Amino acid sequence: MPKARKRKVPITTSSDVPSSTSSSKPESSRLVIRQFHVLLKQQAQLQRLLPSDPSKRKELEDVERKIEELGGLESYQRMSAIGQGNDRGGGSEKVFIGWLKERGVHERVVGSRTEHGDSGKLKDVSEHFVVPVNTSNSKKRLLEVGALKPDNYSSCSAWIHNTPMDLNSRHPTILEQDFLLLDEEENQGKWDLISLSLVLNFVPEAVDRGRMLNLAHKFLRTEGYLFVALPLPCLSNSRYLDFEKMHEIMTYLGFQEIQQKWKKGGKMVYFLYQKVEQGKTPPTTRKQVVPLHLTKKAILRQGNRNNFAILL
Ligand SMILES: C[S@@+](CC[C@H](N)C(=O)[O-])C[C@H]1O[C@@H](n2cnc3c(N)ncnc32)[C@H](O)[C@@H]1O
């Protein structure tokens, strides 16, 4: 008898919508997270098709209804916060902070400036969010994209000025903002540190993930640090992305990989990148014409894989 084929379960997929989204069990939260990722991807695809194919409206409405039934972004964030504790033994900020300390970043801050402490060195970005303007010895300006909690970096407040941001703010001090829609001119070279922890895998379209990394490069000052955390299967078991390709994408964008952390059979992979000084980047890796193979999905591995990809 032929062997029954196991159904492929991509990293972002699950088959059933759980009947309740209020459970705090890790399996239940993972289920909601996966289901949510699938629906977001479907929503993005349908939104792209809708202008040329109005018949997609009904499908889009169905998908959006399912997102609502799952509890929307708020439910997803609640489940992610549970996952954050259960799967990783705490937030990934610990990894980022540890790496920054190893590099002595915390030692280069003179004094501990408060948000309003240096007159003339502050710039209003909104009514509530004040970010210090770049000075080499001032607190490091961190943009934490995808912040579920406002105080992830409070233990480093002497040397980090954090601006937590999310599509859906869960706290008055978290800026509600889509990173992809930030003003490019206003943010160019403005940040010392950017964190994209479990954010790239939330973004439904591969080209938007590439754009997110490109913007992160633009928004960092030269030699600034980018922290990226992803579920390990995004690299270890993707049809389209592996460690080598990730390295190629990041190098092309103008990042140097400084640290990498993951373990076999583990759930997460963490990277620390540094924005390479303009003059030091080899001319061939600068942003001229993007090599074709970085703009299209190319199969790297066959078999039972997920479809995670990043395209430039
Ligand atoms: C899985 S949670 C990650 C939370 C936390 N950073 C962690 O490591 O556990 C992903 C968060 O990223 C946010 N997010 C996704 N795309 C975003 C964007 N373009 N701009 C701002 N936030 C975004 C989502 O709203 C969600 O709250």
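Residues numbered from 1 in each chain as written. Predicted model: local features only at pLDDT ≥ 70, side-chain atom pairs only at ≥ 80, totals over all residues. Heavy atoms only, no water.

- Within an unreviewed UniProt entry, the label attached to the protein reads 25S rRNA adenine-N(1) methyltransferase, and the organism entered is Dendrothele bispora.
- According to the UniProt record, the Subcellular location (unreviewed entry) comment for the protein is "Nucleus, Nucleolus".
- Here is the UniProt Sequence similarities (unreviewed entry) comment for the protein, exactly as written: "Belongs to the BMT2 family." (UniProt positions renumbered as here; feature names shortened; annotations may be inferred.)

1. Looking at the packing of aromatic side chains
What describes a pair of aromatic rings is the distance from one ring centre to the other and the angle between the planes of the rings.
(1) Moving on: Within this structure, the stated rule accounts for 12 aromatic pairs.
(2) Moving on: Here the aromatic rings of Phe96 and Tyr153 are separated by 6.3 Å at their centres, their planes lie at 85°, and the arrangement is edge-to-face. Highlighted residues: Phe96 in helix H4 (residues 93–102) and Tyr153 in the loop between strand E3 (140–145) and strand E4 (160–166), separated in sequence by 57 residues.
(3) Moving on: For Phe96, a relative accessible area of 0% puts it in the buried group. (Phe/Tyr/Trp six-rings, centres within 6.5 Å; stacked < 30°, edge-to-face > 60°. Helix = DSSP H or I, 4+ residues; strand = E, 2+ residues; numbered from the N terminus. Buried < 20%, exposed > 50% of the residue type's maximum accessible area, 1.4 Å probe, protein only.)

2. Considerations on the domain arrangement of the protein
The figure often quoted for interface size is the accessible area lost as the parts come together.
(1) Moving on: Taken domain by domain, the protein comprises domain 1 (1–89) and domain 2 (91–294).
(2) Moving on: Each partner contributes residues to the interface: domain 1 has 21 residues there, and domain 2 has 23 residues.
(3) Moving on: Between domain 1 and domain 2, the buried area comes to about 1700 Å², and carbon and sulfur atoms account for 57% of it.
(4) Moving on: For Arg48, the salt bridge identified is with Glu205, shortest N-O distance 3.0 Å.
(5) Moving on: Across the contact surface, domain 1 and domain 2 share 3 residue pairs in polar contact (both at pLDDT 80 or more). (Domains from an automatic or database assignment. Contact = heavy atoms within 4.5 Å. Buried area = accessible area lost by both parts, 1.4 Å probe. Salt bridge = Lys/Arg side-chain N within 4 Å of Asp/Glu carboxyl O. Polar contact = N/O pair within 3.5 Å; in protein donor to acceptor, adjacent residues only side chain to side chain.)

3. Here we look at the sheet that holds strand E5 (residues 175–176)
(1) Moving on: The mixed open sheet is built from 7 strands, whose spatial order is E5-E4-E3-E6-E7-E9-E8. Of all the strands in the sheet, the pair left with one neighbour each is E5 and strand E8 (255–261).
(2) Moving on: Taken together, the 7 bridges between strand E7 (residues 220–231) and strand E9 (residues 268–275) define a ladder with antiparallel strand orientation. The residue of E9 that forms the bridge with Tyr225 is Gln274.
(3) Moving on: On top of the sheet, helix H6 (residues 206–219) reaches strand E6 (191–197), E7, E8 and E9; it is set at about 150° to E7, its chief contact. (Pairing = 2+ DSSP bridges. Axes fitted to C-alpha atoms, helices over the stretch in contact; angles between N-to-C directions.)

4. Details of the pairing of E9
(1) Moving on: Across the 8 residues of E9, 8 count as buried, placing the element largely inside the fold.
(2) Moving on: Here E9 shows two buried faces, one formed by Met268, Tyr270, Leu272 and Gln274 and the other by Val269, Phe271, Tyr273 and Lys275.

5. As for the environment of Phe308
(1) Moving on: By the element assignment, Phe308 lies in the segment after E9.
(2) Moving on: Residue Phe308 is classed as buried on the basis of its relative accessible area of 4%.
(3) Moving on: Along the chain, Phe308 and Lys297 lie 11 residues apart, while their C-alpha atoms are 9.8 Å from each other.

6. Quick look at the UniProt feature "binding site: S-adenosyl-L-methionine" (unreviewed entry) in the protein
(1) Moving on: If you check UniProt for "binding site: S-adenosyl-L-methionine" (unreviewed entry), the listed places come out as Gly146 and Asp166 in our numbering. What stands out for the annotated residues spanning 21 residues is how close their C-alpha atoms remain, the widest pair being 4.6 Å apart.
(2) Moving on: Along the chain, Gly146 turns up in the loop between E3 and E4.
(3) Moving on: Judged by its relative accessible area of 27%, Gly146 is partly exposed.
(4) Moving on: Non-local contacts of Gly146, meaning those with residues more than four positions away in its chain, are made with Met165, Asp166 and Val199.
(5) Moving on: Relative to the assigned elements, Asp166 resides in strand E4.

7. Quick notes on the side chain of Lys275
(1) Moving on: Mapped onto the fold, Lys275 is located in strand E9.
(2) Moving on: As a buried residue without a salt bridge, Lys275 has its nearest oppositely charged side chain in Asp192, at a separation of 11 Å.
(3) Moving on: From its side chain, Lys275 meets the backbone oxygen of His217 in a polar contact 2.8 Å long.
(4) Moving on: The contact partners of Lys275, leaving out residues within four places of it in the chain, are His217, Lys218, Leu220, Arg221, Thr222, Glu223, Gly224, Gly254 and Phe255. (Lys, Arg positive; Asp, Glu negative; His and termini not counted.)

8. Quick notes on the pattern of salt bridges
(1) Moving on: In total, this model carries 9 salt bridges according to the counting rule given.
(2) Moving on: The salt bridge partner of Arg221 is Asp192, with a shortest N-O separation of 2.6 Å. With Arg221 in strand E7 and Asp192 in strand E6, the pair connects residues that are 29 residues apart, well separated along the chain.
(3) Moving on: By relative accessible area, which is 22% here, Arg221 ends up partly exposed.
(4) Moving on: With relative accessibility at 4%, the residue Asp192 sits in the buried group.
(5) Moving on: In this structure, Asp208 and Arg211 form a salt bridge, with 3.5 Å as the shortest nitrogen-oxygen distance. Note that Asp208 and Arg211 are positioned in helix H6 at a spacing of 3 residues, about one turn of the helix.

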